[in-house]
Amino acid sequence: MKISVSLSAALLGACAVLATVPAYAEQKLLPAQSSVAFTARQMGVPLQGHFKKFDAQIAFDPAQPAASKIAFTVDTGSATLGSRETDAELPKPVWFNVPQFPQASFQSSAVKALGGGKFEVAGKLSIKGQARDVVVPVTLAQNGATTTATGTLALKRLAYKIGENEWADTSMVADDVQVTFKLALSGVGKL
C-alpha cells in the first residue's frame, strides 16, 4: 500500500513537472518548407547552390527571446551547385572535406529582439573544423501554425578553409559568400 501511494505521488509530481515544460519544447523544423542556399562568385560570375540536408533544434520563446536556444546543422556532403562535375569537387579536402567534417554547425549563445519580428542571433559557426563567432540577422513571420525564420549571413570562405591551395586565390573564387535561409517551424508561440 505504501509503495502504490508513493508511486502515485511520484507520477503526479512528474505530471506536474511536465505540465510546466514550455510549449517551445514541441518546436520542429519543417524541412519540406525550408531551404539553405549560398551564393559564391567565380571569376565575377555568381554561382548559386544549396544544401539538401540540414536540421535544427529550436527552443524559442517569443516572450523571452534571451532564454532561447538554437542549434543548427548542415550536412556538408549535401551541397550542390547543380552540376555533376562541381558537385563531385565540393566533398574533397580542398573544399568541404566531407569525410573528416561531415557537418557544419551553429550553436546560439544569445538571442536579442530588435522589434518588428527582427532578431539578432549570436553564436558560434563551425565549418571544416574552424569555429567563428557570428551574429545572424533573423526575421520571423507567422502564417497560421507555421513560423518562418529568414535571413542572410555574409561569410568569408577562407576563414573556414573552404577552397584551399590554388583555390585560395580570390581572383578566381571570391572570398565573400552569402548564405540565405528560410526555416519553417511549427510549435512557436504567438509573436
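Here the structure is shown first, and the text comes after it.
Owing to the predicted nature of the structure, the values given are computational and were not obtained by experimental measurement.

(A) Focus on the overall build of the protein chain. The helix and strand inventory of the protein chain stands at two helices and 11 strands. Starting at the N terminus, the α and β elements of the protein chain follow one another as α-β-β-β-β-β-β-α-β-β-β-β-β. Relative to all contacts within the protein chain whose residues are 6 or more apart in sequence, the contacts with residues 24 or more apart total 58%. Per element, the accessible surface of the protein chain, about 11200 Å² overall, is 61% carbon and sulfur.

(B) Spatial organisation of the pattern of salt bridges. Within this structure, the stated rule accounts for four salt bridges. Between Glu164 and Lys128 there is a salt bridge whose closest N-O contact spans 2.7 Å. Highlighted residues: Glu164 in the loop between β10 (146–156) and β11 (176–186) and Lys128 in the loop between β8 (118–127) and β9 (130–143), separated in sequence by 36 residues. By relative accessible area, Glu164 is classed as partly exposed at 28%. According to the relative accessible area criterion, Lys128 is buried, its value standing at 6%. Here Lys156 and Asp176 are joined by a salt bridge, their closest N and O atoms 2.5 Å apart. Taken as a pair, Lys156 in strand β10 and Asp176 in strand β11 lie far apart in primary sequence, 20 residues in all. Taking the relative accessible area as the measure of exposure, Lys156 reaches 42% and is therefore partly exposed.

(C) Layout of the pairing of strand β2 (residues 35–42). Two elements, β2 and β11, share five bridges in a ladder whose sense is antiparallel. Across the sheet, Ser35 pairs through a bridge with Lys182, a residue of β11. The pairing of β2 with strand β3 (residues 45–51) spans seven bridges and is antiparallel. The residue bridging Ala40 from the neighbouring strand is Leu47, located in β3.

(D) How the structure looks around the nonpolar core. Ranked by internal contacts, the top residues of the largest apolar core, which has 41 residues, are Val36, Phe72, Phe96, Leu125, Ile127 and Leu183. Elements represented by at least two residues in this core include exactly β2, β4 (54–59), β5 (69–75), β7 (103–115), β8, β9, β10 and β11. Sort the elements by how many residues they give to this core and β11 lands first, with five residues. In this structure Val36 touches His50, Phe51, Phe54, Phe72, Val179, Thr180, Phe181 and Leu183, once residues within four positions along its chain are discounted.

Basis of the calculations
Residues numbered from 1 in each chain as written. Predicted model: local features only at pLDDT ≥ 70, side-chain atom pairs only at ≥ 80, totals over all residues. Heavy atoms only, no water. Helix = DSSP H or I, 4+ residues; strand = E, 2+ residues; numbered from the N terminus. Contact = heavy atoms within 4.5 Å. Areas by Shrake-Rupley, 256 points an atom, 1.4 Å probe, with all protein chains shown as cover. Salt bridge = Lys/Arg side-chain N within 4 Å of Asp/Glu carboxyl O. Buried < 20%, exposed > 50% of the residue type's maximum accessible area, 1.4 Å probe, protein only. Pairing = 2+ DSSP bridges. Core = buried A, V, L, I, M, F, W, Y, C linked by side-chain atoms within 4.5 Å.

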